[in-house]
Amino acid sequence: MSMLHTINKSPFEKTSFEACLNHVNGDSSILMIEDGVYGAMKGTAFSEKVAATNGVALYILGPDMQARGISEDRLIDGVKVVDYAGFVDLVTEHDKVQAWL
Amino acid sequence: MSDVKKFMYVNRKAPYGTIYALESLEVVLISAAFDQDVSLAFVDDGVYQIMKGTKTDGIGMKNFSPVYNALGDYDITKLYVEQESLDERGLTLDDLMDIKYEDEDDDWAEKPSIKVVSRKEMADVMDQQDVLMSF
C-alpha cells in the first residue's frame, strides 16, 4: 500500500522530520510543506538523512518554499516542486496519507 | 537617560509556519517607542526569518520581510546572527537580507545592521543585557 507522508515541521526544531524518515518504505512519498520545506535544502546538517531515503519520492510545496526564500537550486537533487493542485494529485495517487506534525 | 535598559529579543523560530516571528517584530517595533537600547538575536531556526528573496503571494500571508529593513529608522541597529546556526542550515551571510542603518554619529553613513557572531560571542552579548525576551 503506497503512503504519502506530509511533514510540516523544521528538522532543526522538532524530531518529527526524522521520525517520518524512520518510518517510510520504498513505495512511499514524502511531501514537505510549511516549515518542513527547510528539510529539502542541500548542504545542511540534515540533508544527508533526507538524501539517504533511496527510492522514496520527495516533493516540496512550491508556495511554502517561495515564502521562505528558498530557490529551486538550493534543493537536494531529485526533490520535485508541486503546487496546491499537485498536492491534491499526490493525495489521490496514494492509498493513504500520514501527516507528521 | 539613566532609565535606559538593554533589551534583547531572541528569535529562534522560522517565519510563517508559526506566528512567533511576526509577533516578535510587532513587539520590537512597540519597544522602539520607549527609547530603550534594543537589539535582536537570531539563533537556531530564527536565522530563517531574515533570509532574502521571500515571496508570500502563494501562501496568502503578508510578507513581513520589508519591516526588517525599516528597523534602522527606529534606531534598532544591532541584529546579532549566530554563525553556528547559519552553518547547520547551509546558509551564509549572502543568503540574508542586506539590512542597513544610517549612522548619525558618522555623517549618516550606511552601515550593515547584521553582525554575525559565534555562539560564544552570542552568549556574551546576552550576558550584557538587562532584559531578554524570547520568541
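Residues numbered from 1 in each chain as written. Chains lettered and ligands numbered in written order. Predicted model: local features only at pLDDT ≥ 70, side-chain atom pairs only at ≥ 80, totals over all residues. Heavy atoms only, no water.

On to the overall build of chain B. Per the secondary structure count, chain B includes four helices and seven strands. In sequence order, the secondary structure elements of chain B are arranged as β-α-β-α-β-α-β-β-β-α-β. Overall, chain B is about 45 × 30 × 30 Å in size when its C-alpha atoms are taken along their principal axes. Residues counted as buried form 45% of the 135 residues belonging to chain B. Element-wise, carbon and sulfur atoms account for 49% of the exposed surface of chain B, whose accessible area totals about 7,100 Å². Across chain B, the 14 positively charged side chains and the 28 negatively charged ones have centroids separated by 5 Å. (Helix = DSSP H or I, 4+ residues; strand = E, 2+ residues; numbered from the N terminus. Buried < 20%, exposed > 50% of the residue type's maximum accessible area, 1.4 Å probe, protein only. Areas by Shrake-Rupley, 256 points an atom, 1.4 Å probe, with all protein chains shown as cover. Lys, Arg positive; Asp, Glu negative; His and termini not counted. Charge placed at Lys NZ, Arg CZ, Asp CG, Glu CD.)

Overall, the predicted model of chain B reaches an average pLDDT of 96, with 99% of residues at or above 70. Interface scoring of the predicted complex returns ipTM 0.93; its pTM is 0.95. (pLDDT = per-residue confidence, 0-100.)

Attention now moves to the nonpolar core. In terms of nonpolar packing, the biggest core is built from 52 residues, with I30 of chain A together with L40 and Y68 of chain B touching the most fellow members. Elements with a minimum of two residues in this core: helix 1 (16-21), strand 2 (29-32), strand 3 (57-61) and helix 3 (62-67) of chain A together with strand 1 (6-11), helix 1 (20-31), strand 2 (37-42) and strand 3 (79-82) of chain B. Every residue in contact with I30 of chain A, bar those within four places of it in the chain, is listed here: H5, I7, C20, L21, V24, V56, A57, L58 and Y59 of chain A. Among the nonpolar cores identified, the runner-up in size contains eight residues, and A41, V43, V117 and M122 of chain B belong to it. (Core = buried A, V, L, I, M, F, W, Y, C linked by side-chain atoms within 4.5 Å. Contact = heavy atoms within 4.5 Å.)

All names here are of chain B. A cluster of like negative charges, contributed by D35, D73, D75, E102, E104, D105 and E110, occupies part of the molecular surface. In this structure, D35 sits in the loop between helix 1 and strand 2. Residue class for D35 comes out exposed when judged on its relative accessible area of 56%. (Patch = residues over 30% accessible without salt bridge, like charges linked within 9 Å, V, L, I, M, F, W, Y side chains within 5 Å. Salt bridge = Lys/Arg side-chain N within 4 Å of Asp/Glu carboxyl O.)

All right, on to the side chain of Q49 of chain B then. Residue and element names in this part refer to chain B. As for its position among the elements, Q49 is in the loop between strand 2 and helix 2 (65-70). Classification of Q49 by relative accessible area gives buried; the value is 3%. For Q49, the side chain forms a polar contact with the main-chain oxygen of K13, separated by 2.7 Å. (Polar contact = N/O pair within 3.5 Å; in protein donor to acceptor, adjacent residues only side chain to side chain.)

So, about the pattern of salt bridges. Residue and element names in this part refer to chain B. In total, this model carries 16 salt bridges over all chains according to the counting rule given. Salt-bridge contacts for R12 lead to D44; the nearest nitrogen and oxygen are separated by 2.8 Å. On the criterion of sequence distance, the pair formed by R12 in the loop between strand 1 and helix 1 and D44 in the loop between strand 2 and helix 2 is long-range, its members being 32 residues apart. With a relative accessible area of 38%, R12 lands in the partly exposed category.

This part takes up the sheet that holds strand 2 of chain A. One key point about sheets: their strands pair by backbone hydrogen bonds, in either a parallel or an antiparallel sense. All names here are of chain A. Overall, parallel pairing links the five strands, which are arranged 4-3-2-1-5 in an open sheet. In this open sheet, the two strands that pair with only one neighbour each are strand 4 (80-82) and strand 5 (96-100). This sheet shows a mean twist of 25° between the axes of neighbouring strands, independent of strand direction. (Pairing = 2+ DSSP bridges. Axes fitted to C-alpha atoms, helices over the stretch in contact; angles between N-to-C directions.)

Right, let's get into the sheet that holds strand 2 of chain B. All names here are of chain B. Across the sheet, five strands lie side by side as 6-3-2-1-7; this open sheet has parallel pairing. Two strands close off the open sheet at either side, each with one partner strand: strand 6 (114-117) and strand 7 (131-134). Geometrically, the sheet is characterised by an average inter-axis angle of 25° between neighbouring strands, direction not taken into account. Both strand 1 and strand 7 contribute to a ladder of four bridges, which runs parallel. Considered in strand 7, the bridge of M8 is made with L132. Sitting on the sheet, helix 4 (residues 119-127) is in contact with strand 1, strand 2, strand 3, strand 6 and strand 7, with an inclination near 145° to strand 3.

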